[in-house]
Structures are given as C-alpha cells and as structure tokens.
Amino acid sequence: MLEMSLREPVLSPSLVQIKDYAAMTQPWTTPALFDALETHVSRERLPMKISLEPGSEPTIAISLPEHGDLAIHLAASGQQLFVSTPLCFGSQVRDRAAFNDACLRLNPVSPLSNIGLQSLDGEDVYMVFGEMSTRSPIANIVEEIGMLADNTLQAAHALQSFIQRA
Amino acid sequence: MSILSKILTLFRGAATEAGQSIVDQNAVRILDQEIRDAQNESIRAKDELARMMAQQKMSADKLQAKLDKKSEYEGHIQKLLGQGNQDLAREVATKVAQLESEIAGDQKDGASILTAVDKMRDALKAADRRIAGLQQQVDQVKVNESVLRSQSAIAARHSGQNAKLRTALDSLDRIKTRQAEQTAQIEAADQLAASEGDGDLEVRLAKAGMLPGSVSADDVLARYQTVSVTRQEPAQLPAPGSSAPAAVPASQSADKAG
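So, how was this worked out
- Residues numbered from 1 in each chain as written.
- Chains lettered and ligands numbered in written order.
- Predicted model: local features only at pLDDT ≥ 70, side-chain atom pairs only at ≥ 80, totals over all residues.
- Helix = DSSP H or I, 4+ residues; strand = E, 2+ residues; numbered from the N terminus.
- Contact = placed C-beta atoms within 7 Å.
- Buried ≥ 20, exposed ≤ 12 C-beta atoms within 10 Å, placed from the backbone.
- Pairing = 2+ DSSP bridges.
- Nonpolar A, V, L, I, M, F, W, Y, C, P; charged D, E, K, R; others polar.
- Expected span 1.5 Å × (residues − 1).
- Core = buried A, V, L, I, M, F, W, Y, C linked by C-beta atoms within 7 Å.
- Axes fitted to C-alpha atoms, helices over the stretch in contact; angles between N-to-C directions.
- pLDDT = per-residue confidence, 0-100.

Novice: Help me understand the overall build of chain B, please; the structure alone is not making it clear to me.
Specialist: Across its full length, chain B holds 7 helices and 0 strands. In sequence order, the secondary structure elements of chain B are arranged as α-α-α-α-α-α-α. Here the analysis covers contacts within chain B between residues at least 6 apart in sequence; of these, 59% occur between residues at least 24 apart.

Shown next as structure tokens:
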C-alpha cells in the first residue's frame, strides 16, 4: 500500500482506482483519511463537501448537498472508524418511551446504521451512526457515508410523527 | 461495579447536570486509570504465571531425577541379588520404596500445578481481551464526544454562537423546501412552455386567426367586407382614373367632390 502510494504519480488511472478499493495494510488516522478522501472525492466528482476539524481528536466534517446538506462526521479511533450524524434532540421528542421503542424496532431494518443516544452539554441528542474497520478501503468508507445519509433521512422521515418541531 | 456500568452511571449523572459534557475529561481520566490498573494486574498475573511455570519445570526436573535414581537403584538390586548380597539389596529396596512414594506424591503435585497453569493462562487471555474491549470503548467515548463537539462547533460557525446542532430533521426540511421549489420551478416552466410553444393560448389565437399564416372563414369574410367599404368610397369620387395622388387629404377631395 505504501509502495502504491509512493508510486501514485506514475500509476495509470485504473491502478489508482484499484488502490481505492484495496484493503489497507495500515490503519487510517483521521488526518491521513482526510487527505485520501479529499483526493477521492475530487477524482470521482462526488457530491460531498469535506473539511478537517482540528482538535485533540480531529474529525472530518462532511456535508452532503444531495441529502439536504446533512452533516456527517467521521473519525478514526483505535481499530474503528466512527461515522455519525445527529438525528434529533431528545427534547424534540414527544413520547420518549414510544420513540425509543420505534428506534429499536427500526434498527434491525437498517442494520448497518445504528440509532443511539448521546449527551452534549446536558442535552440528549439521538445519533445515527455506523462503525467500520480502520483498515477499510476508501471506496467502502465513501459507500458507508452514503448509506448512513440514506438511512438517516429514512429514519428521520419514519420517526417524524414522534418529533415536535419548533 | 464493572467499568461498563460505571460508564452508564457517568452518562446518567452527566445528563442531569446542565452545562456539563457527557463524559467530562475527568471521568475519561478515571476510566483510563481503571484500565491501566487492570493492565497492571494482568501484568502481575503474567509474572505469577511465569513463576508457576518455572516451579512446574523445577518439580518436573526433580521428578525426573528421582525416576533416574529409582531405575539406577533397581539395577543395583538386580546385581546385588545376583551376587547374593541380600542385606544390601534389602537396604536399597527400602530406598526404592521410599522413592516410589515420593514420586507418586510429586506426580500428583505436578499435575495440579499444570492444571493451575492452564487455568491461569485462559484467565489471562480472557482478561486481556476484556481490557482491549474496554480500551476500545473508552476510545469510542472520547471520539463520540469530539465528534459531537465539532458538530456543534460547526453549527455555531454557520449560524451564530448559540446555534444548535444541525440534525437530520433540518436536512429533511431542506429537502422538502428544495423539492417544493423544484415543483414550483417545474410548474412555472410548464406554464412558460405552454405560453411559448403550442400551448392552449396559441391554439385559441390560431382559431381566432390572430397568428400569421392562419386564415379563418371569418377572416376572409371580414376582408371582403372591408374591400366593399373601400369601394364605396371611390364611387363617390369624381373619376376612378383621377390623377389626384392617393394621399390627397380628405378635405381636399371633399372640396373637389363639392
């Protein structure tokens, strides 16, 4: 993989593409993944806006224009890549017990994306998230992002009746 | 309390305290410390395992030595009996009997050490797997936190300091708005096309003979009607072959006629 990366400038386009589908021998770090993703997105002309959010644990912010500017975040940690997007606030849910029940029932329908609950500054946020190996090839990661976006919008649509809008 | 249930308790505690992050740095540090403790314990257990394995090796060596001694003595007994030295043979036989009971005891001890070593090894493997799993979970907690942080930071950058996260519901709304806009655009375009192309208005205009190249019966009739009107006028003029220019003012022709 490293050799392929070093040779990239002289590789033919088809070989470069193969590299994007090959499993990694080295696990991704968030900054390395960002660079690779940026190259892949511009080469494949994907409808994605990406940026690297600095910090002690940097994350990659992705905005999807074709999914209503859905904001997805991507970060590598240890053996896992974590892809997530906020679904709604707990305070927006009318009947939390019924909503939780619906989420649990929805989960097996789209098993690749999970719905979970997190807190930010004391406020509950329902998240849709997925996890991948840090050795996943870039093409799989891009696929996961698209899948998560589709699943999230579907879930938001299905759960709309539980959510009261301001 | 297991580390996982501690994490859950931390979540519950943090959720009730407004203005505090889900797992504050302190809590993460505590968890890290617990994992380190568990790792140290695992290292200690590994040392213990090594000690037990060494002990097992030593007792196995001792056992082997006794077995060797025993077979050596047995050889002696054979020879002594051949020489007819009964007394010494009996003495050696007593020694062999003593050795045999020692060997039986040692073998039992050795087997139990071996079982203990195997058990220890399995337990260590399980513990190491558990530590790795916990480490992964703590990493996950940290990364979740930082992802949420950066999501809210982005929201603040986009729409002011107190802006909330942008959730999927907002995206759903945007999609709906966009779809409504698109529908409106398509409708407008349809209307435009209808008015520009072979739309309804065009058809009605054509029927009314208002478009070039389209001639209706009424049109033709109207043309004759206007012709007959213009012919009546020249009839009132003096002569059809008059040299008066066509653009003669009405008053002038009226004078001539008078």
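Once you've had a look at it, read on.
Novice: What's the story with the overall build of chain A in this structure? I'm lost.
Specialist: Each helix and strand in chain A was counted, giving 5 helices and 6 strands. Starting at the N terminus and ending at the C terminus, chain A contains elements arranged as α-α-α-β-β-β-β-α-β-β-α. Across the 166 residues of chain A, 35% fall into the buried class. Considering only contacts in chain A between residues 6 or more positions apart, those separated by 24 or more positions represent 59%.

Novice: In this structure, what is going on with unusual backbone geometry? I would like to understand it.
Specialist: A negative phi holds for most residues other than glycine; trans holds for most peptide bonds. All names here are of chain A. Positive phi outside glycine occurs at Arg45, with the angle close to 50 degrees. Positive phi values are uncommon outside glycine, yet Asp69 reaches one of about 55 degrees. Structurally, the position occupied by Asp69 is in the loop between strand S2 (59-64) and strand S3 (70-77). Classification of Asp69 as partly exposed rests on a count of 16 C-beta atoms within 10 Å.

Novice: Hey, could you run me through the pairing of strand S1 (residues 49-53) of chain A in this one?
Specialist: Looking along a regular strand, one sees the side chains alternate between the two faces of the sheet. Residues and elements named next belong to chain A. Of the strand pairs in this sheet, S1 and S2 are connected by 5 bridges, and their pairing is antiparallel. Within S2, the residue paired with Glu53 across the bridge is Thr59. From the end of S1 to the start of S2, which pair antiparallel, there are 5 residues, and Gly55 there has a positive phi angle of about 150 degrees.

Novice: Looking at this structure, I do not really get the interface of chain B and chain A. What am I missing?
Specialist: How big an interface is tends to be reported as the loss of accessible area on association of its parts. Listed per partner, the contact involves 32 residues of chain B and 36 residues of chain A. With 14 residues, the single largest contributor to the side of chain B that touches chain A is helix H3 (residues 86-159) of chain B. Its residues assigned to classes, the side of chain B that touches chain A comprises 15 nonpolar, 12 polar and 5 charged.

Novice: I tried to follow helix H5 (residues 138-158) of chain A on my own but got confused; where do I start?
Specialist: With 21 residues, H5 of chain A extends 30 Å between its outermost C-alpha atoms, agreeing within 8% with the 30 Å of an ideal straight helix rising 1.5 Å per residue. Residues of H5 of chain A that are buried include every one of Ile138, Ile141, Glu144, Ile145, Leu148, Ala149, Asn151, Thr152, Leu153, Ala155 and Ala156 of chain A, and no others.

Novice: Would you mind going over the pairing of strand S5 (residues 114-120) of chain A with me for this structure?
Specialist: Of the strand pairs in this sheet, S5 of chain A and strand S6 (residues 123-133) of chain A are connected by 7 bridges, and their pairing is antiparallel. Residue pairing for S6 of chain A: Asn114 of chain A is matched across the bridge by Phe129 of chain A.

Novice: Looking at this structure, how should I read the nonpolar core?
Specialist: One broad trend across soluble globular proteins is that nonpolar side chains are buried collectively. In terms of nonpolar packing, the biggest core is built from 46 residues, with Ile72, Val83, Leu87, Val128 and Ala156 of chain A together with Ala168 of chain B touching the most fellow members. Here this core takes 8 residues from H5 of chain A, the largest share from any one element. If we skip the residues at most four places from it in the chain, Val83 of chain A touches Ile72, Leu74, Phe129, Gly130, Glu144, Ile145 and Leu148 of chain A.

Novice: What is the right way to look at the sheet that holds strand S4 (residues 80-89) of chain A in this model?
Specialist: Hydrogen bonding along the main chain pairs the strands of a sheet, whether they run parallel or antiparallel. Residue and element names in this part refer to chain A. The 6 strands lie next to each other as S1-S2-S3-S4-S6-S5, forming an open sheet whose pairing is antiparallel. Each edge of the open sheet is held by one strand with a lone partner, namely S1 and S5. In this sheet, neighbouring strand axes are inclined to one another by 30 degrees on average, regardless of whether the strands run parallel or antiparallel. Pairing geometry for S4 and S6, over 9 bridges, is antiparallel. Considered in S6, the bridge of Pro86 is made with Met127.

Novice: Would you mind showing me how to read the confidence of the model for chain B here?
Specialist: The predicted coordinates should not be examined in detail at positions where pLDDT is low. Residues and elements named next belong to chain B. Confidence along chain B averages 75 in pLDDT terms, with 68% of residues attaining 70 or more. Within chain B, the lowest mean pLDDT, 47, falls on helix H7 (residues 250-257), and the highest, 86, falls on helix H2 (residues 25-83). Within the model, pLDDT remains below 50 along residues 246-258, and this stretch shows 6 contacts once partners closer than five positions in the same chain are excluded.

Novice: Whenever I open this one, the environment of Val138 of chain B confuses me. Can you help?
Specialist: Residues and elements named next belong to chain B. Positionally, Val138 belongs in helix H3. Its 21 C-beta neighbours within 10 Å are what place Val138 among the buried residues. Distance from Val138 to Asp32, taken between C-alpha atoms, is 7.5 Å for residues 106 residues apart in sequence. Aside from chain neighbours lying at most four places away, what touches Val138 is Val28, Leu31, Asp32 and Ile35.

Novice: For this particular structure, what's the right way to read the environment of Ile138 of chain A?
Specialist: All names here are of chain A. Along the chain, Ile138 falls in helix H5. Each C-alpha atom, one on Ile138 and one on Leu33, is 8.0 Å from the other, the two residues being 105 residues apart in sequence. Those residues in contact with Ile138 that lie beyond four places of it in its chain are Asp20, Ala36, Leu37 and His40.

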